[in-house]
Every structure is written in C-alpha cells, then in structure tokens.
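Structure at a glance
One-letter residues, chain by chain:
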Amino acid sequence: MNNVSLVGRLTKDPEIRYTANNVPVAGFTLAVNRRFKQEGQPEADFIPVVAWQKTAEFCNKYFVKGQQVWVQGRIQTRTWDDNDGKKHYVTEVVAEQVGFADSKKDGNGTGQAAAPAQGQQSSKPAGSAPSSAPNSPPPQAGEKMPWE
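Computed from a prediction, not measured in an experiment: that's the story for all the values here. (Residues numbered from 1 in each chain as written. Predicted model: local features only at pLDDT ≥ 70, side-chain atom pairs only at ≥ 80, totals over all residues. Heavy atoms only, no water.)

Topic: the overall build of the protein chain
To keep things clear, this is the line we draw: A run of H or I in DSSP becomes a helix once it reaches four residues, and a run of E becomes a strand once it reaches two; helices and strands are each numbered from the N terminus. For every residue, the accessible area (1.4 Å probe, protein chains only) is compared with the maximum for its type, and the residue is labelled buried under 20%, exposed over 50%, or partly exposed between those bounds. Contacts between residues were defined by any pair of non-hydrogen atoms, one from each residue, lying within 4.5 Å. The protein chains shown are the only cover counted for residues, whose accessible areas, like all others here, come from Shrake-Rupley with a 1.4 Å probe.
The helix and strand tally for the protein chain stands at one helix and six strands. Its helices and strands in sequence order give the protein chain the pattern β-β-β-β-α-β-β, from N to C terminus. Across the 148 residues that make up the protein chain, the buried fraction comes to 36%. Contacts in the protein chain between residues far apart in sequence, at least 24 positions, make up 64% of those at least 6 positions apart. Accessible surface, the protein chain as shown: approximately 9,300 Å² in total, 47% of it carbon and sulfur.

With respect to the packing of aromatic side chains
In this description, a pair of aromatic rings is defined by centroid distance and the angle of the planes. Quick note on the threshold: Aromatic contacts are taken between Phe, Tyr and Trp rings whose centres are within 6.5 Å, Trp giving its six-membered ring; a plane angle under 30 degrees counts as stacked, one over 60 as edge-to-face, and the others as tilted.
Tallying each qualifying case throughout the model produces five aromatic pairs. Between Phe28 and Phe63, the ring centres sit 6.1 Å apart and the planes meet at 85 degrees, which makes this aromatic pair edge-to-face. Residue Phe28 is found in strand β3 (residues 24-33), and its partner Phe63 is found in the loop between α1 (53-62) and β5 (68-81); the two are separated by 35 residues along the sequence. Take Phe28 and Phe63: they sit in the same class, and that class is buried. Plain terms: the ring middles of Phe58 and Phe63 are 5.8 Å apart, the flat faces sit at 80 degrees to each other, and that makes the pair edge-to-face. Judged by its relative accessible area of 15%, Phe58 is buried. The exposure class assigned to Phe63 is buried, which follows from its relative accessible area of 0%.

Points about the nonpolar core
Operational definition: Among the buried residues, those of types Ala, Val, Leu, Ile, Met, Phe, Trp, Tyr and Cys that are joined through side-chain atoms within 4.5 Å form a nonpolar core.
Membership of the largest hydrophobic core comes to 21 residues, with the highest contact counts inside it found for Phe28, Leu30, Val49, Phe63, Val71 and Val98. Elements supplying a minimum of two residues to this core: β1 (4-10), β3, β4 (44-52), α1, β5 and β6 (87-100). The next biggest cluster of nonpolar side chains, apart from the first, holds five residues, and it includes Val23, Val50, Trp52 and Val94.

Looking at the pairing of β1
To keep it simple, the criterion reads: For two strands to be treated as a pair, DSSP must find at least two bridges joining them.
For β1 and β5, the ladder comprises six bridges, and the chain directions are antiparallel. Note on β5: the bridge partner recorded for Val7 is Trp70. Pairing geometry for β1 and β3, over two bridges, is antiparallel. Bridge pairing in β3 places Leu10 opposite Leu30.

Some remarks on the pattern of salt bridges
Going by this rule: A carboxyl oxygen of Asp or Glu within 4 Å of a side-chain nitrogen of Lys or Arg is what we treat as a salt bridge.
By the definition in use, this model includes six salt bridges. The closest approach of N and O atoms between Arg78 and Glu92, which form a salt bridge, is 2.7 Å. With Arg78 in strand β5 and Glu92 in strand β6, the pair connects residues that are 14 residues apart, well separated along the chain. In this structure Glu92 comes out as buried when scored by relative accessible area, which is 4%.

What follows is the structure, encoded as structure tokens:
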C-alpha cells in the first residue's frame with residue numbers, strides 16, 4: 001500500500017500552473033521536522049508535494065509560507081528529459097487530501113478545519129485561482145510537470 005501522511009510547514013507559497021489541457025497543478029515543499037535529531041544531521045526533511053485539480057486550487061487559495069499543514073497522499077517517482085536531453089529523476093508526494101494543522105493560537109486563525117468556513121478571507125490576492133477546474137485526469141508517468 002502506498003500511503004503517506006505528513007505534517008509540516010510550507011517553505012513558500014504554493015505555485016500553481018496549468019497543464020496543456022488546462023488542469024491546475026500546485027507544487028510546494030513541506031519542511032517536516034525529524035523525530036530524532038543527530039549531531040551534524042538536518043533537523044527537518046524538505047518534501048516536494050504536488051496537488052492536482054480542486055486540491056491544487058485549494059492549496060493555492062488558502063496555503064501560505066510558514067503555515068503548518070497536513071498532507072495525505074502517495075509517493076510517486078517519475079523521470080523526464082529536459083531540453084538538453086538530460087534525464088531527471090523526481091520523487092514527490094501526490095496530495096490526495098490536505099488541511100490546516102495550525103491552531104488558532106498560532107495567530108493565523110485557520111484552526112483545524114480541512115476547508116475554510118464559508119466567507120473566511122484568504123491571505124492570497126483575489127483572483128489567484130480560477131473558480132472552477134476541468135475534470136481532466138492528471139498527466140501520466142513520464143510526462144513533464146508544467147514547471148519543468
């Protein structure tokens with residue numbers, strides 16, 4: 001079974017792009033603290049995450065740098081060739097569900113809800129994500145992401 005659950009802080013705002021078929025895809029990195037720290041080793045792992053369609057639009061609209069969020073999904077590995085013919089290998093988490101992990105005491109007022117309350121304001125500028133998304137399937141393995 002391929003199932004991943006992460007809680008971490010966003011290293012920067014999610015970046016949303018669109019495939020050739022106008023399917024939204026958001027990419028972001030989660031800084032996930034390690035449970036045990038060893039001298040000379042990093043204290044966190046930086047995990048690349050990709051979200052598709054409505055999940056991508058949600059992340060783009062409500063997630064901001066520094067915010068603590070949770071992600072449930074699966075690990076995916078893929079390869080692609082750049083314009084110079086060099087092969088690239090990528091391992092990432094494909095988000096299937098996401099939500100807020102900050103408490104209201106953290107000052108951002110997002111709470112524990114998996115989606116914001118009706119009428120809750122986003123810290124992102126208006127119009128940063130379209131109101132609807134096509135129901136196209138995500139690209140297949142071996143296909144480049146829009147930002148690659």
